[in-house]
Amino acid sequence: MTEQTSNEAFLLPPVDVVEDEGGITLYADLPGVTRENLDLHVDGENLFIDGRIALEMPKEMEATHVEVTRSRYRRVFALSREFNTGKLTADLKQGVLKVRIPKAEHAKPRRIEISPA
Amino acid sequence: MEFSLFPRDLFAEVERLQRHMQQALELSPSIRGFARGGFPALNVASTPQSAEIYGFAPGLDPKTIEVHLERGVLSISGERKSDLPQEGGDASVHTNERFAGRFHRVISLTDDLDPNEVRATYREGVLHVSIKREASAQPRRIDIN
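Source: prediction; values computed, not measured. (Residues numbered from 1 in each chain as written. Chains lettered and ligands numbered in written order. Predicted model: local features only at pLDDT ≥ 70, side-chain atom pairs only at ≥ 80, totals over all residues. Heavy atoms only, no water.)

A.B. asks: Can you help me understand the pairing of strand β3 (residues 66-70) of chain B in this one?
C.D. replies: Both faces of the sheet carry side chains from a regular strand, because those side chains alternate between them. All names here are of chain B. Examined bridge by bridge, β3 and strand β4 (residues 73-80) share five bridges and lie antiparallel to one another. By the bridge assignment, valine 67 is partnered in β4 with isoleucine 76. Where β3 folds back on β4, the antiparallel hairpin that results is connected by two residues, among which arginine 71 adopts a positive phi of roughly 45°. (Pairing = 2+ DSSP bridges. Helix = DSSP H or I, 4+ residues; strand = E, 2+ residues; numbered from the N terminus.)

As structure tokens, then:
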């Protein structure tokens, strides 16, 4: 439905969202985030993606060029009721988060037979 | 007219635009510049002993990433496959923001780096290239006899 953002300084991770008959699949780019530093949760009808970048850095390091200016990702999506968040599955691999949310049985499209007159 | 299930928030767009503007105003240290907003996003840092480059390139097979260093110029290239379904299927794409396709980024580094002392690792979607400075370029104390 809608997507919320806050005024705090977070990186907004790019996402792909694909819907098929069975549900919705979301891919989010979260490079530098380990499983321990990822907080993925559903609160009410919102899906929260919150991740912290943890990089091994040598001492005495001085940044000379910075494109990734923050160390935290955050993005929130509002889901609609037809999604069964209880059956949500998630997988984080090489900095890509894949979330699959199936549709509730009653929300799946079905063909309606037309009975002969 | 098409309606996206997750329309992008206008404020998020404005914020993104502002960020780009702000970054564009910063001075580039080299004539090759650092083309901003490319894939992968790069952070570069230096220590007295080395140059440290972080490429934010999630979802790649590390074997397919090409990293070259020649005369202080580092190039990173490869290809990122799309996760989106083929066209013509039943699935519909609501949002498509993630980079897909071939990429190639080139950055100029200082010329005191040793091309034989390069170490590259790929972890959690971040490519980390660490290049040692040549021994002769490192500060050292000169003994007085």
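A.B. asks: Help me understand the pairing of strand β2 (residues 15-20) of chain A in this model?
C.D. replies: Here β2 of chain A lies mainly inside the structure; five of its six residues are buried. In textbook terms, the turn of a hairpin is the stretch between consecutive antiparallel strands, and for β2 of chain A and strand β3 (residues 23-29) of chain A this stretch comprises two residues. Where β2 of chain A and strand β5 (residues 92-96) of chain B come together, four bridges link them in antiparallel fashion. Its bridge partner being in β5 of chain B, glutamate 19 of chain A is matched across the sheet by serine 92 of chain B. (Buried < 20%, exposed > 50% of the residue type's maximum accessible area, 1.4 Å probe, protein only.)

A.B. asks: Mind showing me how you'd approach the sheet that holds β4 of chain B here?
C.D. replies: Residue and element names in this part refer to chain B. Within the open sheet, the three strands sit side by side as β3-β4-β6. Their pairing is antiparallel. In this open sheet, the two edge strands, each paired with only one partner strand, are β3 and β6 (101-108). Between one strand axis and the next, the sheet turns by 10° as a mean value, whatever way the strands run. (Axes fitted to C-alpha atoms, helices over the stretch in contact; angles between N-to-C directions.)

A.B. asks: What exactly am I supposed to notice about the interface of chain B and chain A here?
C.D. replies: The accessible area lost on association of the parts is a frequent measure of interface size. Facing the 51 residues of chain B at the interface are 50 residues of chain A. For the pair chain B and chain A, the summed buried surface comes to about 4,100 Å²; carbon and sulfur atoms form 53% of the total. Linking chain B with chain A are six salt bridges, by the criterion used here. Aspartate 29 of chain A is paired through a salt bridge with arginine 98 of chain B; the nearest N and O atoms lie 2.8 Å apart. Listed by contribution, the elements that provide at least two residues to the side of chain B that touches chain A are α1 (10-25), β1 (41-46), β2 (50-56), β5, β7 (113-123) and β8 (126-133) of chain B. The class makeup of the residues in the side of chain B that touches chain A is 25 nonpolar, 11 polar and 15 charged. Relative to β1 of chain B, strand β6 (residues 62-66) of chain A runs antiparallel, the two being bridged by four bridges. (Contact = heavy atoms within 4.5 Å. Buried area = accessible area lost by both parts, 1.4 Å probe. Salt bridge = Lys/Arg side-chain N within 4 Å of Asp/Glu carboxyl O. Nonpolar A, V, L, I, M, F, W, Y, C, P; charged D, E, K, R; others polar.)

A.B. asks: Whenever I open this one, the environment of lysine 103 of chain A confuses me. Can you help?
C.D. replies: Residue and element names in this part refer to chain A. Within the secondary structure layout, lysine 103 lies in the segment after β9 (96-102). Taking the C-alpha atoms as reference points, lysine 103 and serine 80, 23 residues apart in sequence, are found 9.9 Å from one another. Those residues within four positions of lysine 103 in sequence are excluded, and the remaining contacts are Glu19, Asp20, Glu21, Gly22, Gly23, Glu82, Phe83, Asn84 and Lys108. Here the side chain of lysine 103 touches glutamate 19 through a polar contact of 2.8 Å, side chain to side chain. At a separation of 3.3 Å, a polar atom in the side chain of lysine 103 contacts the main-chain carbonyl oxygen of aspartate 20. (Polar contact = N/O pair within 3.5 Å; in protein donor to acceptor, adjacent residues only side chain to side chain.)

A.B. asks: In this structure, what is going on with the pattern of salt bridges? I would like to understand it.
C.D. replies: Pairing between side chains of opposite charge can happen when their charged atoms approach one another. Residues and elements named next belong to chain A. Counted according to the given criterion, the structure contains 15 salt bridges over all chains. With a shortest N-O distance of 3.7 Å, glutamate 45 and arginine 81 are connected by a salt bridge. In this pair, glutamate 45 sits in the loop between β4 (38-43) and β5 (46-52) while arginine 81 sits in the loop between β7 (72-78) and β8 (89-93), placing the two residues 36 residues apart along the sequence. With a relative accessible area of 37%, glutamate 45 lands in the partly exposed category.

A.B. asks: Please explain the nonpolar core as it appears in this structure.
C.D. replies: It is characteristic of soluble globular proteins that their nonpolar side chains tend to be buried jointly. Ranked by size, the top nonpolar core spans 24 residues in total, and within it Leu26, Leu30, Ile49 and Leu97 of chain A carry the most contacts. Listed by contribution, the elements that provide at least two residues to this core are β2, β3, β5, β7 and β9 of chain A together with β2 of chain B. Not counting the four nearest positions on each side in its chain, leucine 30 of chain A is found in contact with Pro13, Leu38, Ile49, Tyr73, Gly95 and Leu97 of chain A together with Glu124 of chain B. Counting residues in each nonpolar core, the second largest holds 19 residues, with Val44, Ile76, Ile107 and Leu109 of chain B among its members. (Core = buried A, V, L, I, M, F, W, Y, C linked by side-chain atoms within 4.5 Å.)

A.B. asks: Help me understand the side chain of arginine 75 of chain A, please; the structure alone is not making it clear to me.
C.D. replies: Mapped onto the elements of the fold, arginine 75 of chain A is located in strand β7. With a relative accessible area of 2%, arginine 75 of chain A lands in the buried category.

A.B. asks: Which parts of the structure should I look at to understand the side chain of asparagine 43 of chain B?
C.D. replies: Here asparagine 43 of chain B shows up in strand β1. For asparagine 43 of chain B, the side chain forms a polar contact with the main-chain nitrogen of valine 68 of chain A, separated by 2.9 Å.

Interpretation note: all reported values are geometric properties and have no functional meaning in isolation.
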